[in-house]
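Chain by chain, the residues run as shown.
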Amino acid sequence: MKIGIAKERRAHELRVAVSPDTVKKFVGLGAEVLVESGAGLGAAYTDTSFAEAGAKIVADERAAIGDADIVLKVQRPLTAAEGGPDELALIKPGTMLVGILSPYGARDQVAAYATGGVNAFAMEFMPLITRAQTVDVVSSQANLAGYRAVIEAAAVFGRAFPMMMTAAGTIAPARVFVMGAGVAGLQAIATAKRLGAIVSATDVRPASKEQVKSLGAAFVAVEDEEFKQAETSAGYAKPMSAEYQKKQAALVAETIKKQDIVITTALIPGRPAPVLVTEGMVKSMRQGSVVVDLAVEQGGNCPVSEPGKVAVKHGVSLIGYLNIPSRIAVDSSALYARNLLNFLTPLIDKTSKTLKINWDDEIVKGTALTREGKIVHPALTGGGAT
């Protein structure tokens, strides 16, 4: 059983799908691990560190993945249509491809997996069940993105975060408003609090109030009867009425006027990011304020943020960096690699040392896009959403 890891060649990607630690574990499971030379350098993993863990270092991507039974990726393979090396063409039929494959935005590529006989698994489709927590790549990467969002804001912000009492005078603490209290948002709250800011946050799910308050932040929402019923039994937000949305938008607009830093984290799988901060709200902010838009790759929570750069508009710095987890590549790679190890370990037969997929397992069914030449995921075949 061969596991292949090539360099990630997409722009802004420094992560790698294995670490020396997970390589050692895979070798212990009976796998031969092939790593393209230089694949881990963006995450501070040298060829020597992989070799010492038991990997075979190979010269190029063809040698790494061309004969692999399992190909591990961070992002989806490049294709000839994208103008880069055709990584997908190197993967042989019957190979198991595992990565963050962005199937909603790359449906043609999902079809190409099926045509090529590749059994593709999208880790971002992991079902939200307790057993899947150790393989939840969305949470592991979002956690670090939330942390990094605050660090990026602090780097651009022209003032200090904590209150400082000095002989020359007192520096007031920064005010940080986090929009969305999911994994990224909660970590952003915690990080901003550690840096000494006065933090507030908003979310449409009533259960998020206690989570926000437990981190020492103030909760901002119109808490009427509709809000109290705004969550499904599965923990998802229900659609809110136009009247509620109008009241909530007015409250948020008043709140944003008083903030130094706004961090937006709202993403909806397969759909454009919802607008949370309008241009009018940006205009209302003080000169020198900062907005960090973590949803910029899906259209942005702020329509005036610009992908891949820090744009200054109306005196406000709008941070629209792409692939925030890659900006903390050492830790994000380590967590991602561990997610993949935890995903694959139950699929490897301990006696024969070969891949043995239980296609009826809930985690397998939730992540499998293609199988034996067919698209099988219900979200892509019209059978329902994830």
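Here's a quick rundown of the structure.

Rules of the game
- Residues numbered from 1 in each chain as written.
- Predicted model: local features only at pLDDT ≥ 70, side-chain atom pairs only at ≥ 80, totals over all residues.
- Heavy atoms only, no water.
- Helix = DSSP H or I, 4+ residues; strand = E, 2+ residues; numbered from the N terminus.
- Rg over C-alpha atoms; globule rule 2.2 N^0.38 Å.
- Contact = heavy atoms within 4.5 Å.
- Areas by Shrake-Rupley, 256 points an atom, 1.4 Å probe, with all protein chains shown as cover.
- Phe/Tyr/Trp six-rings, centres within 6.5 Å; stacked < 30°, edge-to-face > 60°.
- Lys NZ or Arg CZ within 6 Å of the ring centre and 35° of its normal.
- Polar contact = N/O pair within 3.5 Å; in protein donor to acceptor, adjacent residues only side chain to side chain.
- Core = buried A, V, L, I, M, F, W, Y, C linked by side-chain atoms within 4.5 Å.
- Buried < 20%, exposed > 50% of the residue type's maximum accessible area, 1.4 Å probe, protein only.
- Salt bridge = Lys/Arg side-chain N within 4 Å of Asp/Glu carboxyl O.
- Axes fitted to C-alpha atoms, helices over the stretch in contact; angles between N-to-C directions.
- Left-handed = near helix turned anticlockwise from the far one by under 90°.
- Nonpolar A, V, L, I, M, F, W, Y, C, P; charged D, E, K, R; others polar.
- Pairing = 2+ DSSP bridges.

Some details on the overall build of the protein chain
And step 1. Secondary structure assignment for the protein chain yields 14 helices and 17 strands.
And step 2. Taking 2.2 N^0.38 as the reference for a compact globule, 386 residues should give roughly 21 Å; the C-alpha atoms of the protein chain span a radius of gyration of 22 Å, in line with that estimate.
And step 3. Taken along its principal axes, the extent of the C-alpha atoms in the protein chain is 65 × 50 × 40 Å.
And step 4. Long-range pairs, those at least 24 residues apart, make up 66% of the contacts in the protein chain with a sequence separation of at least 6.
And step 5. For the protein chain, the accessible surface area stands at approximately 17,000 Å², while carbon and sulfur atoms represent 54% of it.

With respect to the packing of aromatic side chains
And step 1. Here the structure, examined in full by the defined rule, presents six aromatic pairs.
And step 2. One aromatic cluster in this structure is built from Phe121, Phe343 and Trp359.
And step 3. Across from the ring centre of Tyr321, 3.8 Å away, lies the NZ or CZ of Arg327, which sits over that ring.

Quick word on the side chain of Ser326
And step 1. The topology assignment puts Ser326 in the loop between strand S15 (316-319) and helix H12 (329-344).
And step 2. For Ser326, the side chain forms a polar contact with the main-chain oxygen of His12, separated by 2.9 Å.
And step 3. The contacts of Ser326, once residues within four sequence positions are left out, are His12, Glu13, Leu14 and Arg15.

Description of the nonpolar core
And step 1. By size, the foremost hydrophobic cluster in this structure holds 42 residues, and its most contacted members are Phe26, Leu72, Met96, Phe121 and Phe343.
And step 2. Those elements that place two or more of their residues in this core are strand S1 (2-5), helix H1 (20-28), strand S2 (32-36), strand S4 (70-75), strand S5 (96-100), H12 and helix H13 (362-367).
And step 3. The element that contributes the greatest number of residues to this core is H12, accounting for six residues.
And step 4. If sequence neighbours within four positions are ignored, Phe343 has contacts with Met96, Val98, Phe121, Met123, Met126, Val135, Ile363 and Thr367.
And step 5. Listed in part, the 36 residues of the second largest apolar core include Val178, Ala181, Ala201 and Ala221.

Remarks on the pattern of salt bridges
And step 1. In this structure the tally under the stated criterion is 25 salt bridges.
And step 2. Notably, a salt bridge pairs Glu82 with Arg10, separated by 2.9 Å at the nearest N-O pair. Taken as a pair, Glu82 in the loop between S4 and helix H4 (87-90) and Arg10 in the loop between S1 and H1 lie far apart in primary sequence, 72 residues in all.
And step 3. Residues joined by salt bridges that share partners form a network here, namely Lys2, Asp67, Asp69 and Lys92.

Some remarks on the packing of helix H6 (residues 137-156) against helix H7 (residues 183-194)
And step 1. Orientation of H6 relative to H7, taken along the N-to-C sense of each, is 40 degrees, at an axis distance of 7 Å. Crossing of H6 over H7 shows right-handed handedness. Contact residues: Ser139, Ala142, Asn143, Gly146, Tyr147, Val150 and Ile151 in H6; Val183, Ala184, Gln187, Ala188, Thr191 and Ala192 in H7.
And step 2. Counted by class, the contact of H6 with H7 contains eight nonpolar, five polar and no charged residues.

Looking at the sheet that holds strand S10 (residues 198-202)
And step 1. With respect to topology, seven strands assemble into an open sheet ordered S11-S10-S9-S12-S13-S15-S14, the strand pairing being mixed. The sheet terminates laterally at strand S11 (218-219) and strand S14 (310-313), the two strands that pair on one side only.
And step 2. Of the pairings in the sheet, the one linking strand S9 (residues 175-179) to S10 comprises five bridges and is parallel in character. Of the residues in S10, the one forming a bridge with Phe177 is Ser200.
And step 3. Sitting on the sheet, helix H10 (residues 242-256) is in contact with S9, S10 and strand S12 (261-264), with an inclination near 155 degrees to S9.

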